[in-house]
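A closer look at the structure
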Amino acid sequence: PASTTKIMTTLLGIMMGDMSQTVTMTETAMVYEEGAASIDLEVGETINFADLLFATMVRSGNDGANLIAEVIAGDTYRFAELMNNAAAMYGCTNTHFANPSGLHDENHYTTAYDLAVLARAGLTDPVFCRIVTALSYPMPETNMREARELKCTHEIFDPESEYYIPYAAGVKSGYTSAAGFCYVGAAQTKQGTLIAVVLHAPTRNRAWLDMDKLFRYGYAAMD
């Protein structure tokens with residue numbers, strides 16, 4: 001599932017975290033894997049928990065996901081247990097999480113259906129909806145850096161792009177060399193809200209094209 005994993009991480013953060021809490025970046029939550037996504041927090045940097053959730057989803061930060069896990073459960077291993085318990089509660093029968101970020105692991109797997117189930121559960125929560133539909137987020141000043149703007153650069157949200165989907169409304173992308181390009185997406189029109197999932201696309205643009213086809217198919221079926 002790559003970083004679509006962060007759907008579950010964010011769900012648990014909302015369910016079990018204190019949005020007003022101030023949290024501190026730790027050495028164990030830092031990300032050192034080459035090419036891994038990050039929100040560039042420094043060890044000792046303090047951040048509001050709600051800001052952490054937004055930043056983690058907008059920039060797909062693995063460091064943010066790790067810190068969410070530590071705040072909620074103490075470490076990523078115990079948090080993975082919570083993720084699996086929650087997956088079972090939601091009825092995800094073909095899912096097993098090994099970490100909060102989506103880094104490749106043979107014991108970290110799911111299905112398109114299960115990811116759609118998790119997205120549907122999240123979209124019933126107004127806080128989750130605000131987080132996963134944010135295309136940018138103004139990160140406030142911290143004890144170690146000035147305020148900055150975090151942005152999502154997905155082409156499906158860019159009106160100037162050939163891959164633009166005007167009714168797209170979040171939710172989460174992901175990529176690893178093993179997973180390919182993944183996207184759990186929502187669409188909203190007067191007809192209603194749809195959820196579609198693309199996994200293991202060979203290219204990012206192919207994922208966008210397939211997502212658009214799925215949405216068009218879904219809305220045509222609703223006519």
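This report concerns the structure included in the present document. These numbers were taken from a predicted model, which means no experiment stands behind them.

1. Points about the sheet that holds strand β5 (residues 168-176)
An order of β5-β6-β7 is seen for the three strands of this open sheet, with the pairing classed as antiparallel. In this open sheet, the two strands that pair with only one neighbour each are β5 and β7 (192-201). Shown here is a sheet whose adjacent strand axes are inclined to one another by a mean of 5 degrees, direction ignored. Two elements, β5 and strand β6 (residues 180-189), share seven bridges in a ladder whose sense is antiparallel.

2. Details of the pattern of salt bridges
Two side chains carrying opposite charge are able to pair once their charged atoms lie near each other. Inspection of the entire model under this criterion finds six salt bridges. Glutamate 155 serves as the salt-bridge partner of arginine 204, at 2.9 Å between the closest nitrogen and oxygen. Of this pair, arginine 204 sits in helix α7 (residues 204-222) while glutamate 155 sits in the loop between β4 (148-151) and β5, placing them 49 residues apart in sequence. Across the pair aspartate 212 and arginine 216 runs a salt bridge whose closest N-O atoms are separated by 3.0 Å. Of this pair, aspartate 212 and arginine 216 are both found in helix α7, four residues apart, which corresponds to roughly one turn of the helix. Judged by its relative accessible area of 18%, aspartate 212 is buried. The class for arginine 216 is exposed, based on a relative accessible area of 54%.

3. Concerning the packing of helix α1 (residues 6-16) against helix α3 (residues 62-73)
Where α1 contacts α3, the two axes come as close as 10 Å, and the packing angle between them is 40 degrees. In this structure, α1 crosses over α3, and the sense of that crossing is left-handed. Together, Lys6, Thr9, Leu12, Gly13 and Met16 of α1 and Asn62, Ala65, Ile68 and Ile72 of α3 make up the contact between the two elements. Residue composition of the contact of α1 with α3, grouped by class: five nonpolar, three polar and one charged.

4. Observations regarding the packing of α3 against helix α4 (residues 76-89)
Between two packed helices, the angle of one axis relative to the other and the distance separating the axes together describe the packing. Taken N-terminus to C-terminus, the directions of α3 and α4 make an angle of 85 degrees; their axes are 8 Å apart at the nearest point. Taken together, the axes of α3 and α4 are roughly perpendicular relative to one another. Touching Asn66, Ala69, Ile72 and Ala73 of α3 are Thr76, Arg78, Phe79 and Leu82, all from α4. Of the residues contributing to the contact of α3 with α4, the split by class is five nonpolar, two polar and one charged.

5. Some details on the side chain of threonine 5
Tracing the backbone shows threonine 5 in the segment before α1. Accessibility expressed as a relative area gives 0% for threonine 5, which makes it buried. In this structure, threonine 5 is in contact with Met83, Phe97, Asn99, Pro100, Ser101, Gly102 and His108, ignoring residues within four places of it in sequence.

6. Examining helix α2 (residues 49-59)
Burial analysis of α2 places ten of its eleven residues in the buried class, which makes it a mostly covered element. The complete set of buried residues in α2 reads Phe49, Ala50, Asp51, Leu52, Leu53, Phe54, Ala55, Thr56, Met57 and Val58. Capping the start of α2 is the job of one residue whose side-chain oxygen sits 2.9 Å from the backbone nitrogen of alanine 50: asparagine 48. Downstream of α2 by one or two residues, serine 60 has phi in the positive range, about 55 degrees.

7. Comments concerning the nonpolar core
Judged by nonpolar contacts, the single largest core of 64 residues is most densely connected at Met8, Leu52, Leu67 and Phe215. Here this core takes seven residues from α2, the largest share from any one element. Leaving out residues up to four positions away in the same chain, leucine 52 has contacts with Val23, Ile39, Leu41, Ile47, Gly64, Leu67 and Ile68.

8. A look at the environment of asparagine 84
Relative to the helices and strands, asparagine 84 resides in helix α4. Residues asparagine 84 and aspartate 158, 74 residues apart in the sequence, show an inter-C-alpha distance of 35 Å. Not counting chain neighbours up to four residues away, the residues in contact with asparagine 84 comprise Thr95, His96 and Phe97.

9. Brief notes about the packing of aromatic side chains
Enumeration over the complete set of coordinates arrives at five aromatic pairs. Summarising the aromatic geometry, the rings of tyrosine 167 and tyrosine 219 are spaced 5.8 Å apart at their centres and angled 80 degrees between planes, so their arrangement reads as edge-to-face. Here tyrosine 167 is found in the loop between β4 and β5, whereas its partner tyrosine 219 is found in helix α7, with 52 residues between them in sequence. Grouping residues by exposure puts tyrosine 167 and tyrosine 219 together as buried.

Rules and cut-offs
Residues numbered from 1 in each chain as written. Predicted model: local features only at pLDDT ≥ 70, side-chain atom pairs only at ≥ 80, totals over all residues. Heavy atoms only, no water. Pairing = 2+ DSSP bridges. Helix = DSSP H or I, 4+ residues; strand = E, 2+ residues; numbered from the N terminus. Axes fitted to C-alpha atoms, helices over the stretch in contact; angles between N-to-C directions. Salt bridge = Lys/Arg side-chain N within 4 Å of Asp/Glu carboxyl O. Buried < 20%, exposed > 50% of the residue type's maximum accessible area, 1.4 Å probe, protein only. Left-handed = near helix turned anticlockwise from the far one by under 90°. Contact = heavy atoms within 4.5 Å. Nonpolar A, V, L, I, M, F, W, Y, C, P; charged D, E, K, R; others polar. Parallel < 35°, antiparallel > 145°, perpendicular 65-115°, else oblique. Polar contact = N/O pair within 3.5 Å; in protein donor to acceptor, adjacent residues only side chain to side chain. Core = buried A, V, L, I, M, F, W, Y, C linked by side-chain atoms within 4.5 Å. Phe/Tyr/Trp six-rings, centres within 6.5 Å; stacked < 30°, edge-to-face > 60°.

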